[in-house]
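Listed below are the residues making up each chain.
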Amino acid sequence: MKLAYNLFPGGLSKALTLSYDDGRIHDRKLIDILNRHGIKSTFHLNSGKFGMQGYIEAEEVTALYSGHEVSVHTVTHPFLEQTPRERIIMEVVEDRRSLEGLAGYPVRGMSYPFGTYNAEVVSILKALGIQYSRTTQSTKRFDLPEEPLLWHPTCHHRDMLALSEEFLALTPKPWGTKPSLFYVWGHSYEFHDNNNWEDIERFCSLMGGRSDIWYATNMEIIDYFQALDRLQLSVDGSILHNPSASPLWVSANNQPVEIGPGQTVRLGEL
Ligand SMILES: [Zn+2]
């Protein structure tokens, strides 16, 4: 029995996630476009900037970002690697507390203000229970993150159309496949400033509404692979138990197998 944890929900091998920073008013138009195409994004917000000119209001967070993910971007957007330890903690925890009060769920993700960090910043995030944090270093690849606290995206949105064709052309291989994640980041105001909203419209038309792509927030991807990690497997590799509350997919002899929440599956009988 060849067993691999290489599938997204639905037994899919491709996923798309978006990641937008700063909580600017242009998030409203961006979300309208994403929602029309069923594409999900994570929004990294600075709670200290709500209501300032050009930024969204605290009161609209719940409704505006519903169906997407609200995530930490610190209270005031400092360079964290230049910030005293005590202030790093405050910037992360207080942003988290404010966002949780608005979003109504535990906020566990983050992106680095200015994309900058150092080893101490990363270790503090770990201690604060932050599960992932996105950088601004484009990989131009479709890999899952090796270290979620240093999650390097595929590309900034200026390069998303150029990479679309390559991503759409990827096909699962009969000898097993690598899960492919297309991770795009940016700021919604850039579409406004550069007057190129048609780029995101075009990208969403190309990418949206497809049965071979899982549309997920940043946190949903991390949560899914953490749940896969917690699958319980018998020594002989034939019995799998899913102790989580979500359905999970594995590939057994290159066939997708769904294991429901709390379900035990004997792979040998399939
Ligand atoms: Zn930012």
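The text that follows walks through the structure, step by step, so that each part is easy to find. Numbers given to residues run from 1 along each chain, matching the order in which its sequence is written. With pLDDT at 70 or above as the cut-off, local features in this predicted model cover only qualifying residues; side-chain atom pairs require 80 or more to be listed or tallied, and sums for whole chains, interfaces and linings still use all residues. With hydrogens and water set aside, each side-chain value is computed from the structure's full complement of heavy atoms.

Further remarks concern the overall build of the protein. Assigned secondary structure in the protein consists of eight helices and 14 strands. For the protein, the C-alpha radius of gyration of 19 Å lies close to 18 Å, the compact-globule estimate for 270 residues. Over its C-alpha atoms, taken along the principal directions, the protein stretches across nearly 60 × 40 × 30 Å. Each residue's exposure class comes from its accessible area (1.4 Å probe, protein chains only) as a fraction of the maximum for that residue type: buried when under 20%, exposed when over 50%, partly exposed otherwise. In the protein, which comprises 270 residues, the share counted as buried stands at 51%. The contact definition used throughout considers only heavy atoms, calling two residues in contact when any of these lie within 4.5 Å. Across the protein, the fraction of contacts at a sequence separation of at least 24, relative to all contacts at a separation of at least 6, is 67%. Each helix is a run of DSSP H or I of at least 4 residues and each strand a run of E of at least 2, with the numbering of both proceeding from the N terminus. C-alpha atoms define the radius of gyration, and 2.2 Å times the number of residues to the power 0.38 defines the globule rule.

Further remarks concern the nonpolar core. With 46 residues, the main nonpolar core has Leu-16, Leu-18, Tyr-65, Phe-182, Ile-200 and Phe-203 as its most contacted residues. It is helix H7 (residues 197-207) that provides the largest number of residues to this core, a total of five residues. If sequence neighbours within four positions are ignored, Leu-18 has contacts with Leu-34, Ile-39, Lys-40, Ser-41, Thr-42, Val-184, Ile-200, Phe-203 and Asn-218. Side-chain atoms within 4.5 Å are what join buried Ala, Val, Leu, Ile, Met, Phe, Trp, Tyr and Cys residues into a set we call a nonpolar core. Counting 28 residues, the second-largest nonpolar core is a separate cluster that includes Leu-228, Trp-249, Val-250 and Leu-267.

Bringing the sheet that holds strand E14 (residues 264-266) into the picture now. Any two strands with at least two DSSP bridges between them are considered paired. A sheet is described by the order of its strands in space; here three strands give the open sequence E10-E11-E14, paired in antiparallel fashion. This sheet does not close on itself; its edge strands, each paired only once, are strand E10 (232-233) and E14. Across three bridges, strand E11 (residues 239-241) lies against E14 in antiparallel orientation. When the sheet's bridge partners are listed, His-241 is paired in E14 with Thr-264.

Here we take up the coordination of the zinc ion. Where a metal carries four tetrahedral donors, each ideal angle is 109.5 degrees; where it carries six octahedral donors, the ideal angles are 90 or 180 degrees. Metal donors were taken as nitrogen, oxygen and sulfur atoms no farther than 2.8 Å from the ion, or 3.2 Å where the ion is Na, K or Ca. Water is excluded, so coordination may look unfinished. Protein ligation of the zinc ion involves Asp-22 (OD), His-73 (NE2) and His-77 (NE2), the donor distances falling in the range 2.0 to 2.1 Å. In the primary structure, the donors to the zinc ion are separated according to the pattern D-x50-H-x3-H. Here the residue Asp-22 occupies a position in the loop between strand E2 (14-21) and helix H1 (27-37), and His-77 occupies one in the loop between strand E4 (69-72) and helix H3 (85-103), the gap between them amounting to 55 residues. Neither Asp-22 nor His-77 differs from the other in exposure class; each is buried.

Of note, Thr-74 is a non-glycine position whose phi angle comes to about 80°, a positive value. Summarising the element assignment, Thr-74 is placed in the loop between E4 and H3. Judged by relative accessible area, Thr-74 falls into the buried class, the value being 0%. Residue Phe-114 is not a glycine yet carries a positive backbone phi of 60°. Residue position: Phe-114 is located in the loop between strand E5 (109-111) and helix H4 (119-127).

Moving on, we come to the side chain of Ser-164. Note that Ser-164 resides in helix H5 (residues 160-169). If we ignore the near neighbours within four places in the chain, the residues touching Ser-164 are Phe-182, Phe-203, Leu-206 and Met-207.

With that out of the way, let us pick up the sheet that holds strand E12 (residues 248-252). An order of E1-E12-E13 is seen for the three strands of this open sheet, with the pairing classed as antiparallel. Both edges of this open sheet fall to strand E1 (3-4) and strand E13 (255-259), since each of them pairs with a single strand only. Pairing of E1 with E12 involves two bridges; the strand directions are antiparallel. Paired with Leu-3 across the strands is Ala-252, a residue of E12.

One side-chain nitrogen of Lys or Arg within 4 Å of one carboxyl oxygen of Asp or Glu is enough to make a salt bridge. Taken as a whole, this structure holds 14 salt bridges when the rule is applied. Within the structure, one salt-bridge network assembled from shared partners comprises Lys-14, Arg-210 and Asp-212.

Within H7, the full set of buried residues consists of Trp-197, Ile-200, Phe-203, Cys-204 and Met-207. For H7, the angular spread of buried residues about the axis comes to 125°, placing them on one side. Against E2, H1, H5, strand E8 (180-186), helix H6 (188-193) and strand E9 (214-215) lie the buried residues of H7. In the stretch just after H7, Gly-209 is the one whose phi turns positive, near 60°. Arc definition: directions from the helix axis to the C-beta atoms.

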